[in-house]
Amino acid sequence: MADSQSNARLRADAGSPTSGVIHVRTRLTADFTVISNALAQRRGSAVTVGVAVYILSLPTGTPVSIEALCAHFTEGETLISRALRELESAGYLDRRCERLSSGQIRTRTYFYDVPGGTPQPDPDDTPEPPKPTRPRKSPRPWKSPAAERATSSSSSTSITEAASAPASIPIPVPVPASAPAADRPEEPAALSDADPQAVSVLASLRRVDPRLLLSEREAARLAPAVGQWLAAGVAPSRITAHLTTRLPDHLLARPAAILAFRLRETPLPAPPPAPLPSFPERPVLLPFQTCDGCERAFRAPEPGQRCRDCRGRLVQGPLRAAG
């Protein structure tokens, strides 16, 4: 009775699962490959996962063509090629065609342990030094030929003076020529130079919609487009209806911008068709009538008349009797 006895039930080991796989792990210090769970637990074909794991376990430079993989696995070319296509579409495999210095073209295969990852140099190989980047040249401002000649002549003059001047005298720095007048934005045309009929059409728009109030500068800028519509044969009332119908309730921009968009994007109407040539009117054809003398058909306005021959015989009869 000196030893204490317990009637309590032994507690089960919480670390041992009651079902499923039980891993027996061994710490490896050589001849192992690190594989991401996304690849090892990838859904789909087991051949695809097996080919990917096999390629990851190979050292850099080992051939991984379809013939080489078929020599290692028992599967045929159809399953191996399908597995390579799945890995390529998933982003693990990348096959590129590169041109050698000799001019030959070869196919290089790149395999990523994580799709879209940055390629890291293999620790077994010596990494290649990065190529130096070429500095980008800043674009030179455009100058006209006259400005280029003026700049070159002034620079050559300053260089000659610098060569002949003593060291204590400062050398003047040539001042670049200013931009020519052709590069400057053109001034808008004056309202007096615009088409008066086009200006009147634009000025009458505010009578239909008070929001379409234009300044002189905006009217001078829109007048050439309205003039093209007038030259195409479009009536001013039709232009006004096109520019004022179906406007939004709230204008988010200046009215001139909306009018310019409608004038620019709407195609010009087709010119009116040319009038047909006028033909002379055809004479009215009289109806056919039957002659009362010879019963021959002839044209006459009313029935009961005689033809031309019968009328001639009636006239010649009295003349002969008188003679």
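Preceding this section is the structure that the text describes.
A quick note: this is a predicted structure, and the numbers were derived from the prediction, not measured. Each residue is numbered by its place in its chain's sequence as written, counting from 1. A pLDDT threshold of at least 70 governs which residues receive local features in this predicted model, and a stricter bar of 80 or more applies before side-chain atom pairs are shown or counted, although totals over entire chains, interfaces and linings include all residues. To obtain the side-chain values, all non-hydrogen atoms of the structure were used and water was disregarded.

### Some points on the overall build of the protein chain
Along its length, the protein chain carries 11 helices and four strands. Burial status follows relative accessibility: with a 1.4 Å probe on protein chains alone, a residue under 20% of its type maximum counts as buried, one over 50% as exposed, and anything between as partly exposed. Counting over 323 residues, the protein chain shows a buried share of 17%. In the protein chain, 42% of the contacts between residues at least 6 apart in sequence involve partners at least 24 apart. Note on areas: these come from Shrake-Rupley sampling with a 1.4 Å probe, and a residue is covered only by the protein chains present in the view. Carbon and sulfur atoms provide 55% of the accessible area of the protein chain, an area that totals close to 26,500 Å². Under the DSSP-based scheme used, a helix requires at least four consecutive residues in state H or I and a strand at least two consecutive residues in state E, with every element numbered from the N terminus. Here a residue-residue contact requires only that any non-hydrogen atoms of the pair lie within 4.5 Å.

### Details of the packing of helix 8 (residues 216-231) against helix 10 (residues 255-265)
Relative to each other, helix 8 and helix 10 sit at 20°, their axes nearing to 10 Å. As far as their axial angle goes, helix 10 and helix 8 are roughly parallel. In this structure, helix 8 crosses over helix 10, and the sense of that crossing is left-handed. Residue-level contacts link E218, R221, L222, A225, V226 and W229 of helix 8 to A256, L259, A260 and L263 of helix 10. Under this scheme, a helix contributes an axis fitted over its contacting stretch, all axes are lines through C-alpha atoms, and angles between N-to-C directions fall in the 0 to 180 degree range. For classification purposes, an angle smaller than 35 degrees is called roughly parallel, one larger than 145 roughly antiparallel, one from 65 to 115 roughly perpendicular, and anything else oblique. Handedness of a crossing follows from how the near helix is turned relative to the far one, being left-handed for an anticlockwise turn of less than a right angle and right-handed for a clockwise one.

### Points about the packing of helix 2 (residues 46-57) against helix 4 (residues 77-90)
To characterise two packed helices, one gives the angle between the axes of the helices and the distance between these axes. The contact between helix 2 and helix 4 brings their axes to 9 Å, and the two run at 75°. Between helix 2 and helix 4, the angle falls in the class roughly perpendicular. Of helix 4, the residues touching helix 2 (which contributes V47, T48, V51, A52 and I55) are L79, I80, A83, L84, E86 and L87. Counted by class, the contact of helix 2 with helix 4 contains nine nonpolar, one polar and one charged residues. Classification convention: Asp, Glu, Lys, Arg as charged; Ala, Val, Leu, Ile, Met, Phe, Trp, Tyr, Cys, Pro as nonpolar; all other residues, Gly among them, as polar.

### Some remarks on the pairing of strand 2 (residues 105-111)
Regular strands show a simple pattern: their side chains alternate between the two faces of the sheet. Pairing of strand 1 (residues 93-99) with strand 2, which is carried by seven bridges, proceeds in the antiparallel orientation. Along strand 2, the bridge assignment pairs E98 with R106. For two strands to pair, DSSP has to find at least two bridges joining them. Counted between consecutive antiparallel strands, the loop separating strand 1 from strand 2 contains five residues, among which G103 sits at a positive phi close to 100°.

### Notes on the environment of C310
Its place among the elements puts C310 in helix 11 (residues 308-322). In this structure C310 comes out as buried when scored by relative accessible area, which is 4%. Sequence separation between C310 and D292 is 18 residues; the distance between their C-alpha atoms is 8.9 Å. Every residue in contact with C310, bar those within four places of it in the chain, is listed here: C291, G293 and C294.

### Looking at the side chain of D209
For D209, the position within the fold is in the loop between helix 7 (205-208) and helix 8. By relative accessible area, which is 11% here, D209 ends up buried. Two N or O atoms count as a polar contact when they lie within 3.5 Å, although within protein this holds only if one can serve as hydrogen donor and the other as acceptor, and sequence-adjacent residues are included solely when both atoms are side-chain atoms. Polar contacts involving the side chain of D209 include one to the side chain of R211, which spans 3.0 Å.

### Regarding helix 2
Here helix 2 contains 12 residues, and its C-alpha end-to-end distance of 17 Å stays within 8% of the 16 Å for a straight helix at 1.5 Å per residue. Considered for burial, the residues of helix 2 that qualify are T48, V49, V51, A52 and I55. For helix 2, the angular spread of buried residues about the axis comes to 165°, placing them on one side. For helix 2, the secondary structure elements touched by its buried residues are helix 1 (37-40), helix 3 (66-72), helix 4 and strand 2. Among the residues of helix 2, the N-terminal cap falls to S45, whose side-chain oxygen and the backbone nitrogen of V47 are separated by 3.1 Å. By this rule, a helix spans an expected 1.5 Å times one less than how many residues it contains. This arc is taken over the directions from the axis of the helix to the C-beta atoms.

### Quick word on helix 6 (residues 196-203)
Among the residues of helix 6, those classed as buried are A198, V199, V201 and L202. Down the axis of helix 6, the smallest arc covering the buried residues is 160°, so these residues share one side.

### A word on the nonpolar core
Among soluble globular proteins, nonpolar side chains are generally buried collectively. Core analysis: the biggest nonpolar cluster contains 22 residues, and L202, V226, I239 and L259 have the highest contact counts within it. Among the secondary structure elements, those contributing two or more residues to this core are helix 6, helix 8, helix 9 (236-244) and helix 10. The leading source of residues in this core is helix 8, at six residues. Non-local contacts of I239, meaning those with residues more than four positions away in its chain, are made with V201, V226, W229, L230 and V234. Counting 12 residues, the second largest nonpolar core, distinct from the first, contains L39, V51, L69 and L87. Buried Ala, Val, Leu, Ile, Met, Phe, Trp, Tyr and Cys residues that are joined via side-chain atoms within 4.5 Å together make up what is termed a nonpolar core.

### Considerations on the environment of V51
Within the element layout of this structure, V51 appears in helix 2. V51 sits in the buried class, given a relative accessible area of 1%. Between the alpha carbons of V51 and V64 there is a distance of 9.7 Å; along the sequence they are 13 residues apart. In this structure, V51 is in contact with L69, F73, I80, A83, L84 and L87, ignoring residues within four places of it in sequence.

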